[in-house]
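Descriptive analysis of the structure
If you want the building blocks of each chain, they are given just below.
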Amino acid sequence: MMSVETCTLFLDNESFEFNVEGNFFWGEDTLLFQPEDNVISKVSWSKDGFGVVDAFHGNEFDALKASILKNILKAFDAHGIEYPENFQLKNYHKVVTTNEQHLQVIDITRNLTNEDFDFDIEMLAERFGKILGYELTSFVEELGKSHIQIRVNRPSSLDINPPHRDGYLSYWEDVVNVWIPIEGCTPQTSLPVLPGSHLLPENEVLRTESKGATINGNTYYVPCILKTKSGDLKMMRPNPKEGEAILFSPFLIHGAAVNRSDSTRVSIELRFPKVK
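In this text the structure is predicted, and so the values were computed from the model without any measurement.

Considering a negative patch on the surface
- Where like charges cluster on the molecular surface, the negative patch consists of Glu141, Glu142, Glu173 and Asp174.
- Following the sequence through the fold, Asp174 ends up in the loop between β5 (148–153) and β6 (175–183).

Observations regarding the pattern of salt bridges
- According to the stated counting rule, one finds 14 salt bridges in the structure shown.
- We note a salt bridge from Glu14 to Arg260, for which the minimum N-O separation is 3.9 Å. Of the two residues, Glu14 sits in strand β2 (residues 14–22) while Arg260 sits in the loop between β12 (244–248) and β13 (265–273), which places them 246 residues apart along the sequence.
- A salt bridge links Glu269 to Arg271; the shortest N-O distance between them is 3.1 Å. For the pair shown, Glu269 and Arg271 are each scored as buried.
- Put simply, Arg151, Asp166, Glu269 and Arg271 are held in one network by salt bridges that share partners.

Side note on the sheet that holds strand β7 (residues 205–207)
- Strand order in the open sheet formed by three strands is β3-β7-β10, with antiparallel pairing between adjacent strands. The outermost strands of the open sheet, each flanked by one partner alone, are β3 (25–26) and β10 (225–228).
- Sheet topology note: the β7/β10 ladder contains three bridges and is antiparallel. Of the residues in β10, the one forming a bridge with Val205 is Thr228.

Examining the pairing of strand β1 (residues 3–11)
- With nine bridges connecting them, β1 and β2 associate as antiparallel partners. Residue pairing across strands places Ser3 opposite Gly22, the latter belonging to β2.
- The hairpin turn running from β1 into β2, its antiparallel successor, is two residues long, and Asp12 in that turn takes a positive phi close to 50°.
- Across three bridges, the pairing between β1 and strand β11 (residues 233–235) is parallel. Looking at the pairing, Leu9 lines up with Leu233 of β11.

As for the sheet that holds β1
- Judged by pairing direction, the sheet is mixed, and its five strands sit side by side in the order β9-β8-β2-β1-β11 without closing on themselves. Of all strands in the sheet, those with a lone pairing partner are β9 (218–220) and β11, marking the two edges. The sheet shows a mean angle of 40° between the axes of neighbouring strands, taken without regard to direction.
- One ladder, built from three bridges, connects strand β8 (residues 213–215) with β9; its direction is antiparallel. Looking at the pairing, Ile215 lines up with Asn218 of β9.

Calculation rules
Residues numbered from 1 in each chain as written. Predicted model: local features only at pLDDT ≥ 70, side-chain atom pairs only at ≥ 80, totals over all residues. Heavy atoms only, no water. Patch = residues over 30% accessible without salt bridge, like charges linked within 9 Å, V, L, I, M, F, W, Y side chains within 5 Å. Areas by Shrake-Rupley, 256 points an atom, 1.4 Å probe, with all protein chains shown as cover. Salt bridge = Lys/Arg side-chain N within 4 Å of Asp/Glu carboxyl O. Lys, Arg positive; Asp, Glu negative; His and termini not counted. Charge placed at Lys NZ, Arg CZ, Asp CG, Glu CD. Helix = DSSP H or I, 4+ residues; strand = E, 2+ residues; numbered from the N terminus. Buried < 20%, exposed > 50% of the residue type's maximum accessible area, 1.4 Å probe, protein only. Pairing = 2+ DSSP bridges. Axes fitted to C-alpha atoms, helices over the stretch in contact; angles between N-to-C directions.

Note that all results are geometric; they support no functional claim without further evidence.
Okay, structure coming up:
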């Protein structure tokens, strides 16, 4: 039965809550994460479910950031959103001042492919594959394409995903998640994760179905995880530096990246499957 529940979680010991509409249920006594031969099984941080790694060499980061800016400006142009000639990503919230405008922008930026970037995304798949000890690719077979998402999170907003596991979606079951900070990423804005949560069986997780959670009028592809058998989610922010990335299991609980700063936070999400 559909209901509106309050999701209460803790980010670095500070409480945060928001309302979620959905049908919540406890899962079965099964572990979806495969302990053997999974994409993070060869690294020292496999039990944590995530690790922070170096991602770029030379001017690569600046090149990717420039391409991200180009994509956001394209989205502005597509919807007639006016912006200054010297527009900076950190000031996005000063240009996009309504939720309607923001939804128009992210409807474009959340579903991009390699071809939308003046940057070699496949190079990152190769680089992270060497760190993990598996050959990776940017091509997602079930989708028939690569998939790249630019995350834009305005200050003091609900521009967030609910806490979730990407692995509930079939095309993300056997990938490594990659989260890269681009602009405005700080201890008050970075992506929260729940360490070790990829090892929780489904009967310890209260969640919705896929496409079954609505926050602030926005329905999400991923399910919302409301809490675990241990209670409210106690999450932390790894906070990678510029030029670093978080690699993590698709079964790690993450999300709810509330922005507690006065600048827009921009990041990019990649998902690289193992080559079969």
